[in-house]
Amino acid sequence: MPGQVQEQKVKRATFGMGCFWAGDALFGATPGVIRTCVGYAGGSRPSPTYKNIGDHTEVIDIEYDPTIISLNQLLSLFWNNHEYGLTTKIKAQYASLILYHDEEQKTIAEKSRVHEQRERGEHLTTTIKAFEKFYPAEDYHQKYRLRLHPWLLESLGITSDEVIKTSPLAAKLNGYVAGAATLEQFESDDLCQNLNEKQYQYLKECVIKTQGTGLYC
Ligand code: MHO
């Protein structure tokens, strides 16, 4: 109806699962994920930094479209892509962490942990708690893998740190150059169809070289 405010469709999910460069690439390449940002959360130290992270955890903050991907689908990626596994005791920086944004997310996450624990038959170290404050990490951590491709960034006009941090295209390409997508996914991606021939070939080579290489850290 004209004038009617559109229902807010974008949702947010926040996970800790090891080095945040990896989660950034993994979720960035996932269809339905709109934006990613890496940062520090879950602790109490004010103004954490990479060098002075205190009791915080490296997390990936995700904006997603719930009509394309569900929280359960994101959780499945979460459970299966931890850098240090789910049962190892690890320092807070790399802890397994789910920060829920509402009661519905809390219920889904807790059910999912029960299910996962039963499936694996082991006690999982994952903490589930309410999201409080998120501190974005330093610019050089945002889309870490994509930053290793200055020609591509320049050629796409993705030249400011702010754009690298917030652009859906940057989130996706960061995943693609890191190997978090298959060639098939890359080739059927509408966003990539808009690239010029040189950009397309450059990315295609990256995807072929890196696809399936595992952790993206
Ligand atoms: N393995 C990486 C970890 C970086 S991360 C953002 C390194 O040694 O630098 O925690």
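We now turn to the structure provided with this report.

Rules of the game
- Residues numbered from 1 in each chain as written.
- Predicted model: local features only at pLDDT ≥ 70, side-chain atom pairs only at ≥ 80, totals over all residues.
- Heavy atoms only, no water.
- 1 Å grid on protein atoms, 1.4 Å probe; cavity = no way out; pocket = protein on both sides within 12 Å on 5 of 7 lines; lining within 4 Å.
- Points joined across faces, edges and corners; volume = space filled by probe spheres on them.
- Helix = DSSP H or I, 4+ residues; strand = E, 2+ residues; numbered from the N terminus.
- Nonpolar A, V, L, I, M, F, W, Y, C, P; charged D, E, K, R; others polar.
- Expected span 1.5 Å × (residues − 1).
- Buried < 20%, exposed > 50% of the residue type's maximum accessible area, 1.4 Å probe, protein only.
- Arc of directions from axis to C-beta.
- Contact = heavy atoms within 4.5 Å.
- Polar contact = N/O pair within 3.5 Å; in protein donor to acceptor, adjacent residues only side chain to side chain.
- Pairing = 2+ DSSP bridges.
- Axes fitted to C-alpha atoms, helices over the stretch in contact; angles between N-to-C directions.

1. Points about the layout of surface pockets
Inference 1: Its volume calculated, the largest pocket comes out at about 210 Å³.
Inference 2: If you trace the largest pocket, you find 13 residues lining it, with Ala-92, Ala-95, Ser-96, Thr-125 and Thr-127 closest to the centre.
Inference 3: Among the secondary structure elements, those contributing two or more residues to the lining of the largest pocket are strand 4 (96–100) and strand 5 (127–130).
Inference 4: Of the residues belonging to the lining of the largest pocket, the class tally is four nonpolar, six polar and three charged.
Inference 5: Space inside the second largest pocket adds up to approximately 150 Å³.
Inference 6: Lining the second largest pocket are Arg-12, Arg-35, Thr-36, Cys-37, Asp-61, Ile-62, Glu-63, Glu-162, Lys-165 and Thr-166.

2. Things to note about helix 9 (residues 197–210)
Inference 1: Helix length check: helix 9, at 14 residues, gives a terminal C-alpha distance of 20 Å against a target of 20 Å (1.5 Å per residue), a fit within 8%.
Inference 2: Among the residues of helix 9, Gln-199, Tyr-200, Leu-203, Cys-206, Val-207 and Thr-210 are the ones counted as buried. All buried residues of helix 9 fall inside an arc of 125° around its axis, so they share one side. Among the exposed residues of helix 9, those oriented more than 90 degrees off its buried face are Glu-197, Lys-198, Glu-205 and Lys-209.
Inference 3: The inward-facing, buried residues of helix 9 contact helix 4 (150–156), helix 6 (168–178), helix 7 (183–187) and helix 8 (190–193).
Inference 4: For helix 9, the N-terminal capping position is held by Asn-196, with its side-chain oxygen 3.1 Å away from the main-chain nitrogen of Lys-198.
Inference 5: Gly-212 lies just past helix 9 and shows a positive phi near 75°.

3. Digging into the sheet that holds strand 4
Inference 1: Read from one edge of the open sheet, six strands run 5-4-1-3-2-6, paired in mixed fashion. Sheet topology places strand 5 and strand 6 (134–136) at the edges, where each strand pairs with a single neighbour. Ignoring which end each strand starts from, the neighbouring axes of this sheet average 35° apart.
Inference 2: Bridge analysis of strand 1 (residues 11–17) against strand 3 (residues 57–64) gives five bridges, and the strand direction is antiparallel. By the bridge assignment for strand 3, Ala-13 is matched with Ile-62.
Inference 3: Helix-sheet contacts for helix 1 (residues 20–28) involve strand 1, strand 2 (33–41) and strand 3, and the interaxial angle to strand 2 is about 165°.

These figures capture arrangement, not role.
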